[in-house]
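Chain by chain, the residues:
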Amino acid sequence: MENTNQTSLRPKKLKLDFKDSKYATGRRKRSIAKVWVKKGSGNIHVNGLKMNEYFKRPVHQIIVTRPLEISEVSKSYDVKCSVKGGGLSGQAGAIILGISKALISHDENLKKNLKKDKLTTRDSRVVERKKYGHRKARRSFQFSKR
């Protein structure tokens, strides 16, 4: 009887060499991204996978490449990310901040364009906690007069 292994269904993780690279950390919601940027050919790897294998939705792919597109260096830098926590949207947001910070530490001239599009500041919005006596954070239970 054949043993179907889960690892055979997943794409293979790559070992990447990122010596002489700049490092930055990005955060969003509950996600934390460690990002390394170096001169290269425009490859983006997230958790050892290619970016379009990790982020299946095109919206997330566009979000992640945004700092490179704005600074017009999408084909001249390689990016390696290690991201954990939260969901895919939070992870994409964390990667944006990490890439922006790392690009600025690589080349200070890119800061003006990235700052103009608000990609250098952390988005501090997080989920509000649920309150007791309420159904959600602000939504109350349905009121019944009779």
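Here the structure is shown first, and the text comes after it.
Criteria and cut-off values
- Residues numbered from 1 in each chain as written.
- Predicted model: local features only at pLDDT ≥ 70, side-chain atom pairs only at ≥ 80, totals over all residues.
- Heavy atoms only, no water.
- Helix = DSSP H or I, 4+ residues; strand = E, 2+ residues; numbered from the N terminus.
- Areas by Shrake-Rupley, 256 points an atom, 1.4 Å probe, with all protein chains shown as cover.
- Pairing = 2+ DSSP bridges.
- Phe/Tyr/Trp six-rings, centres within 6.5 Å; stacked < 30°, edge-to-face > 60°.
- Buried < 20%, exposed > 50% of the residue type's maximum accessible area, 1.4 Å probe, protein only.
- Lys NZ or Arg CZ within 6 Å of the ring centre and 35° of its normal.
- Core = buried A, V, L, I, M, F, W, Y, C linked by side-chain atoms within 4.5 Å.
- Contact = heavy atoms within 4.5 Å.
- Salt bridge = Lys/Arg side-chain N within 4 Å of Asp/Glu carboxyl O.

S.K.: Would you take a moment to explain the overall build of the protein for this structure?
M.R.: Each helix and strand counted, the protein has 4 helices and 5 strands in total. Helices and strands appear in the protein in the N-to-C order β-β-β-β-α-α-β-α-α. Carbon and sulfur atoms form 50% of the exposed surface of the protein, whose accessible area is close to 10,600 Å².

S.K.: What exactly am I supposed to notice about the pairing of strand β2 (residues 31–39) here?
M.R.: Two faces, one strand: in a regular strand the side chains alternate between the faces of the sheet. Relative to β2, strand β1 (residues 22–28) runs antiparallel, the two sharing 7 bridges. Bridge assignment links Thr25 to a residue of β2, and that residue is Lys34. What sits between the antiparallel neighbours β1 and β2 is a turn of 2 residues, in which Lys29 has the positive phi angle 50°. With 8 bridges connecting them, β2 and strand β5 (residues 77–84) associate as antiparallel partners. If you follow Lys39 over to β5, its bridge partner there is Tyr77.

S.K.: Would you mind going over the packing of aromatic side chains with me for this structure?
M.R.: How two aromatic rings sit relative to each other is given by the distance of their centres and the angle of their planes. If you walk through the whole model with that rule in mind, you get 2 aromatic pairs. Judged by centre distance (5.2 Å) and plane angle (50°), the ring pair of Tyr23 and Trp36 falls under tilted. Of this pair, Tyr23 sits in strand β1 while Trp36 is found in strand β2, placing the two residues 13 residues apart along the sequence. Judged by its relative accessible area of 42%, Tyr23 falls in the partly exposed class. Arranged with centres 5.0 Å apart and planes meeting at 85°, the rings of Tyr54 and Phe55 form a pair that is edge-to-face. In this structure, Tyr54 and Phe55 share a single accessibility class: buried. The ring of Trp36 has Lys80 sitting right over it, with the charged end atom 4.7 Å from the ring centre.

S.K.: Hey, could you run me through the nonpolar core in this one?
M.R.: Most often, soluble globular proteins keep nonpolar side chains buried together rather than apart. Of all hydrophobic cores here, the largest spans 28 residues; its most connected members are Val46, Ile95 and Leu103. Elements supplying a minimum of two residues to this core: β2, β3 (44–46), α1 (51–54), α2 (58–70), β5 and α3 (88–106). For Leu103, the residues in contact, after removing those within four places along its chain, are Val37, Pro67, Leu68, Ser71, Val73, Tyr77, Leu110 and Leu114.

S.K.: Can you walk me through the pattern of salt bridges in this structure?
M.R.: A side chain of one charge can pair with a side chain of the opposite charge if their charged atoms are brought near each other. Tallied over the entire structure, the rule returns 4 salt bridges. Between Asp123 and Arg125 there is a salt bridge, and its shortest N-O distance comes to 2.8 Å. Among the salt bridges present, the one from Glu128 reaches Lys131, with a minimum N-O distance of 2.6 Å. Given the relative accessible area of 25%, Lys131 is considered partly exposed. Via salt bridges that share partners, Arg28, Asp123 and Arg125 belong to a single interconnected network.

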